[in-house]
Amino acid sequence: MTKRLILFALFSLALCSGISCSSDSESGEKETITVKKTVTKVLEYAPAFGQFVNELPPYETGDTPESMRLKAEKALMNNEVITLGGFGGYVVFGFDHTIENRPGKRDVRILGNAFTNNAEPGVILVAYDRNKNGRPDEEEWFELAGSEHSNPAVVKNYAITYFRPTKSAVETPGEVKHYIRWKDNQGNEGWKIKNQFHQQQYYPQWIKADSITFSGTLLPNNAVQVGQTENSWQLKTFGWGYADNYPNTREGATIDIDWAVDQAGNPVHLPGIDFIKIYTGLNQEAGWLGETSTEVAGAIDLHLE
């Protein structure tokens, strides 16, 4: 929400441009190779609806999925915030090297804009480029089993469809309660609200289809109203294993590759990872705060930090 962006602007994490290492060339001479500890590419950017969609990064008339991908790439390479919107909206990014999986150590720091009582957890998947083809193949993705992995309130294989708002809904100023219609595969349906603080369109404007569908693991709601006023909403943190769940400097913002599991929930050992996918794991509204939307601002290889 607006206050999240203000607080994030006050926070700056010092980053060096890269780490140099040496290797032997075919001639026997030493070669210096510089690798970056931060994100170097975005492969996909596909947000759901949301009050920051079309703003982080900004949409301009004529933008396409490819131009928005490039905007997201530029943002994450500079540790700037992008939004994933509501449940299922996602980003896929990679590095210029394989991040090593070191036993007993956290391997990656995921940057977001969470702060105390304002967590918007995103589910994290990791991929090791086993066949070295430079892209994450479907069978190479593994979800990280965070603290809620065994929570009976978690819904596996959840799917939701959002529908483009009508012209009249878009043009109505102020709050619009029946703004974006949605339905899921659990028999639920309803409307997403446009709030008074963000008046741009919430549906991704570069998407031509009149509906968009996302699927994945639905996490339990974390929004709690702790008082009687509308401003008393809090978004509680989960224990571990999610993006945008803890402030960037906390250990809770780091992940261990050894948390990876297969579709049956069995632990998977990966020697390292080349790609990360993050998607919003919640489908909820929290009063004046609006919908819960995971934000991402990059990632850091902790072994190069």
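What you see is a predicted model; the values in this text were computed from it and never measured. Think of each chain on its own: its residues are numbered from 1, step by step along the sequence as written. Residues qualify for local features only when their pLDDT is at least 70, as the model is predicted, and side-chain atom pairs are given and counted only at 80 or more; totals for whole chains, interfaces and linings, by contrast, use all residues. Derived side-chain values reflect all non-hydrogen atoms in the structure, with water molecules and hydrogen atoms excluded from consideration.

### Details of the overall build of the chain
- Numbering of helices and strands runs from the N terminus, with a helix taken as a DSSP run of H or I at least four residues long and a strand as a DSSP run of E at least two residues long. Looking only at helices and strands, the chain has three helices and 19 strands in total.
- Taking all 305 residues of the chain together, the buried fraction comes to 53%.
- It only takes one pair of heavy atoms within 4.5 Å for two residues to be counted as in contact. The long-range fraction of contacts in the chain, counting pairs at least 24 apart against all pairs at least 6 apart in sequence, stands at 74%.
- Carbon and sulfur atoms form 50% of the exposed surface of the chain, whose accessible area is close to 14100 Å². Residue exposure (1.4 Å probe, protein chains only): buried if accessible area is under 20% of the type maximum, exposed if over 50%, otherwise partly exposed. Only the protein chains shown count as cover for residues, and the accessible areas themselves come from Shrake-Rupley with a 1.4 Å probe.

### Considerations on the pattern of salt bridges
- Salt bridge, as used here: a side-chain nitrogen of Lys or Arg that lies within 4 Å of a carboxyl oxygen of Asp or Glu. In this structure the tally under the stated criterion is nine salt bridges.
- Residue Arg164 is joined to Asp210 by a salt bridge in which the shortest nitrogen-to-oxygen separation is 3.0 Å. Linking Arg164 in the loop between β9 (155–163) and α3 (167–171) with Asp210 in the loop between β11 (189–194) and β12 (211–218), this pair joins segments that are 46 residues apart in sequence.
- Overall, the relative accessible area of 27% leaves Arg164 in the partly exposed class.
- A salt bridge links Lys177 to Glu175; the shortest N-O distance between them is 3.0 Å.
- Residue Glu175 is classed as partly exposed on the basis of its relative accessible area of 45%.

### As for empty space enclosed by the protein
- Using only the protein atoms, space was sampled on a 1 Å grid; points where a 1.4 Å probe fits but cannot get out form cavities, open sets with protein on both sides within 12 Å along at least five of seven lines form pockets, and lining residues are those with an atom within 4 Å of a point. Grid points are joined across faces, edges and corners, and a volume is the space filled by probe spheres set on the points. Tallying each qualifying case throughout the model produces one cavity of 30 Å³ or more.
- Roughly 40 Å³ of volume is contained in the largest cavity.
- Taken together, Glu143, Leu144, Ala145, Gly146, Glu148, His149, Val154, Lys156, Thr217, Leu219 and Tyr242 form the lining of the largest cavity.
- Tallied by class, the residues present in the lining of the largest cavity amount to five nonpolar, three polar and three charged. Ten residue types, Ala, Val, Leu, Ile, Met, Phe, Trp, Tyr, Cys and Pro, are classed as nonpolar, four, Asp, Glu, Lys and Arg, as charged, and the remainder, Gly among them, as polar.

### A look at the sheet that holds strand β3 (residues 41–46)
- Any two strands with at least two DSSP bridges between them are considered paired. Overall, antiparallel pairing links the six strands, which are arranged β3-β5-β17-β7-β8-β16 in an open sheet. Lying at the two open borders of the sheet, with one neighbouring strand each, are β3 and β16 (260–261).
- As paired strands, strand β8 (residues 141–144) and β16 are joined by two bridges and run antiparallel to one another. Along β16, the bridge assignment pairs Leu144 with Ala260.
- Orientation is described by lines fitted to C-alpha atoms, with helices fitted over the stretch in contact, and by angles between N-to-C directions that extend from 0 to 180 degrees. Set on the sheet, helix α2 (residues 65–77) makes contact with β3 and β5 (90–100); between it and β3 the angle comes to about 125°.

### A look at the environment of Ile82
- Residue placement: Ile82 occurs in strand β4 (residues 82–83).
- According to the relative accessible area criterion, Ile82 is buried, its value standing at 0%.
- For the pair formed by Ile82 and Ala297, sequence separation is 215 residues and the distance between their alpha carbons is 6.3 Å.
- Filtering out sequence-adjacent residues up to four positions away, Ile82 remains in contact with Tyr45, Leu56, Pro57, Ala72, Ala75, Leu76, Val91, Thr294, Glu295 and Val296.

### As for the layout of surface pockets
- Taken as a whole, the largest pocket spans an internal volume of roughly 740 Å³.
- What lines the largest pocket is a set of 24 residues, and nearest its centre among them are Leu125, Glu143, Gly216, Gln263 and Tyr279.
- Looking at the lining of the largest pocket, the elements that each hand over two or more residues are β5, β8, β9, β12 and β17 (272–280).
- Top element by residues in the lining of the largest pocket is β12. It accounts for four residues.
- The class makeup of the residues in the lining of the largest pocket is nine nonpolar, eight polar and seven charged.
- Of the pockets and cavities examined, the second largest pocket occupies roughly 240 Å³.

### Section: the sheet that holds strand β19 (residues 298–301)
- A sheet is described by the order of its strands in space; here three strands give the open sequence β15-β6-β19, paired in antiparallel fashion. Where the open sheet ends on each side, the last strands, each with one partner, are β15 (254–255) and β19.
- Bridge count for strand β6 (residues 108–111) against β19 is four bridges, and the pairing is antiparallel. Residue pairing across strands places Leu111 opposite Gly298, the latter belonging to β19.

From the geometry alone we can't say anything about function, so treat these as descriptive.
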